[in-house]
Amino acid sequence: MPQTVLGIDLGSYSVKIAQVERGFGEFKLVGFFEIPLVAEAVLSFEQSASAALTKFAEEHPIVHDACVVALPGSLASFRHLSLPFGNVKKIDQTLEFELETQIPFDIEEILFDYTILSMKEQESDVLAAYVKKADFKSYLEHIQLSGFEPRYVGIDTVDLSYLTFPGVLPPEGVFAVLDLGHSKSNLIVLEGHKIRWLRCLSWGGNTLTQAVAQALKLEEKEAEVWKHTEGQVLAGSEDPGLQAVYAGVEDLQQQIKQTLFAFNEDGGPPLEALYLCGGTSRLQGMDSFFSSRLNINVGLLDVLDESFVQVQDLENARHVAPTAFAAALHAVYPNKGVKLNFRRGEYAYKKDIEQLGGSLKKIGLVAASVAVLALVYFIIAYTTLSSQVDTMNKNVAKLVKASVPDLPKGKGQNAKEAVQLLDGRISAIAEKLKKVEGDTSVSSLEILKLISAAVPPRSELVIDIDDLNISPERVRLEGRALSYEGVDKLKAAMEKVDKFKNVQTGNVRKGVRDEIKFSLSFDVVGKEV
C-alpha cells in the first residue's frame, strides 16, 4: 500500500507543502499547496507559519504516514570542518569539542547535527549545522500545535541536495542551485550528489520591494504589486523602479560572485551551470542577467516537468515547488543523501517508539499466554510420562525375573534393582570365562602403548594415522606418510616389537596431494616366542 509523505517548506512569504506517494520502489508527486502567511506584523514568523499550516490541515485533511519540515537556512549556521581521521566513532566523540571552539554560544544552548561529505583513512570532511535550542523548540512546538509531527526537521539550504536523486539535477558535473526567496536566498554548490559549498544570503525578493517602494514613493504592498506586474532586470533603463530592481539584483550578483570566488580559492572547480528557483526567480530577465554577469549557463530549476509529477496547477507551483519537494525526498530516500536531522536527543521523534511500545505490550501478552499454555502442557505431559515410566519399570522387572528365575525372593521388584542384579550375574559369568580361557591375551591399552613406543620420533618419521583397529590377536592400521621410505621405517619399527608378528604392508599408493597412503597389519601374541 502506498505511503503518503508531506514535505513542508516554511518560507517567509508562504508555506509550501509537497504531497508525495511512495511505494514499490517508485514515487509520485501528487499534490502541491501554497498558503501565504498572514498577520506578519503582529505575529512572529513561527506563529504565522503555524496559522498557515492549521489552515492547510483544515482545508486539506490529508492522512499521511510521515512529514518532513525544512527550516529556513537563516535559522541555522554551518561549519565546514576537516578532521585528521577517518572514523565515524571518533567524529561523534570529537565534533562537540571542535564546534565549541568555533561558535559564539555555549554548547548547551545549541542543537547540532552533521553529515560526512567525504572520508579517507586519515581525513574526514564534515559539514556541521546548528540552531539555537530555544529557536528550534519554538518552531517545533508551533508545528505540533498545527497538528503535524515531523519525522525529520532539516534545513532548506541542505535539503536542496536531495533533488539530485530523482534526476531533476544532473548526476555528474559541478553546478549550483540558487533559491531566491522572499527574505533570504539559498546557494548550494553540488558535484553530483555531493555538497561542495553552501551559503544562506540575507537577500530576497522583499529587498527589491523595499527598493522599489523607496524609488517610486509607494506603500510596500503597492511596490510589491508593481514588482510583479512591471518589474524586470533591465540594464540602462531610465525608469526609477527598474533602476532600483537592477541595483538590487546587482548587489545579489556581487554576493554570489564573492561566494563562488571563496569556493574556487578553496580548490573548487568552475561551475558548469546555475539553476534558479524560488518566488523571486519569476522576475523577468533574472536568468539572462546572471548568465551574462557570471559567464555560465543559467536556467530554471523545473521539478514539475518530470514523469512522476501528477500536479494540476503547474504554472503557479513551478518556481516555488523545489524546496518542499526536496524536503519530501528526505523521507523517500532515507538511506541516501545528507542525513541531517535536528529531531534528536530530547527533541527526538517519538511516534515510532510509542508504536513500538504498544507492539511490545501486545507481544508481552502473547508471550505470557504462550508461557501459561506451555506450563499447562508440561504438567499434563509430566503426569502422563510418570505413569508410563512406572508401567515400564514393572515390565522390565518382570522380564528380568523371567530370564533369571533363581533371583532371591523379594529382589528385583523395580527396573533399577533388576538391572543391577542382571549386571552382577553377567560380570560373574565373564570372570569365569576368563579363567577358562587363560590369561594369555594382551589388552588393547597395552598394544597401544607398544605401538606408541615403537614409532620413531616425528623428527625422523612423519606419519598420520587415519584408522586404527585393535583386537586381542591382530592389529590393522591405515595412514599417510611423506614417502615410501617412511612406510618401510614404520614396518621395520613394528617388526622390532616381540609381541608383533607377521608385520605386513598393503595397498601402498600415492594420494592426490603426493602423500603416500598405506595399510599395515600384524598379529599379536600373548607370550614371547
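Figured I'd write up the structure that's included with this text. (Residues numbered from 1 in each chain as written. Predicted model: local features only at pLDDT ≥ 70, side-chain atom pairs only at ≥ 80, totals over all residues. Heavy atoms only, no water.)

1. Quick notes on empty space enclosed by the protein
Phase 1 of the analysis: Following the criterion strictly, the structure yields one cavity of 30 Å³ or more and no others.
Phase 2 of the analysis: Together, Leu10, Glu46, Ala49, Ser50, Leu53, Tyr139, His142 and Ile143 line the largest cavity.
Phase 3 of the analysis: Elements with a minimum of two residues in the lining of the largest cavity: helix 1 (45-59) and helix 3 (133-145).
Phase 4 of the analysis: Ranked by the residues each element gives to the lining of the largest cavity, the list is headed by helix 1, at four residues. (1 Å grid on protein atoms, 1.4 Å probe; cavity = no way out; pocket = protein on both sides within 12 Å on 5 of 7 lines; lining within 4 Å. Points joined across faces, edges and corners; volume = space filled by probe spheres on them. Helix = DSSP H or I, 4+ residues; strand = E, 2+ residues; numbered from the N terminus.)

2. Digging into the layout of surface pockets
Phase 1 of the analysis: Each pocket or cavity is described by its volume, and for the largest pocket that value is around 580 Å³.
Phase 2 of the analysis: Residue lining of the largest pocket: 33 residues in total, with Leu180, Gly278, Gly279, Thr280 and Arg282 positioned closest to the centre.
Phase 3 of the analysis: Those elements that place two or more of their residues in the lining of the largest pocket are strand 1 (3-10), strand 2 (14-23), strand 9 (174-180), helix 5 (205-216), helix 6 (220-230) and helix 10 (321-332).
Phase 4 of the analysis: A total of four residues in the lining of the largest pocket trace back to one element, the largest contributor, which is helix 6.
Phase 5 of the analysis: Looking at the lining of the largest pocket residue by residue, the class counts come to eight nonpolar, 16 polar and nine charged. (Nonpolar A, V, L, I, M, F, W, Y, C, P; charged D, E, K, R; others polar.)

3. Some words on the side chain of Lys499
Phase 1 of the analysis: Here Lys499 is to be found in the loop between helix 14 (484-495) and strand 16 (500-510).
Phase 2 of the analysis: Buried and without a salt bridge, Lys499 has Glu446 as its closest oppositely charged side chain, separated by 4.7 Å.
Phase 3 of the analysis: In this view, Lys499 contacts Val442, Glu446, Leu450, Asp523, Val524, Val525 and Gly526; residues no more than four positions away in its chain are not counted. (Buried < 20%, exposed > 50% of the residue type's maximum accessible area, 1.4 Å probe, protein only. Lys, Arg positive; Asp, Glu negative; His and termini not counted. Salt bridge = Lys/Arg side-chain N within 4 Å of Asp/Glu carboxyl O. Contact = heavy atoms within 4.5 Å.)

4. Re the nonpolar core
Phase 1 of the analysis: In this structure, Leu10 and Phe325 are the most contacted members of the largest nonpolar core, which totals 77 residues.
Phase 2 of the analysis: The dominant element in this core, judged by the number of residues it contributes, is helix 10, at nine residues.
Phase 3 of the analysis: Sequence-distant contacts of Leu10, that is, excluding residues within four places in its chain, are made with Val15, Phe45, Ala49, Leu53, Val69, Ala70, Leu71, Pro72, Tyr139 and Ile143.
Phase 4 of the analysis: Judged by nonpolar contacts, the second largest core, of 31 residues, contains Trp203, Phe263, Leu271 and Leu274. (Core = buried A, V, L, I, M, F, W, Y, C linked by side-chain atoms within 4.5 Å.)

That is the geometry; function is a separate question.
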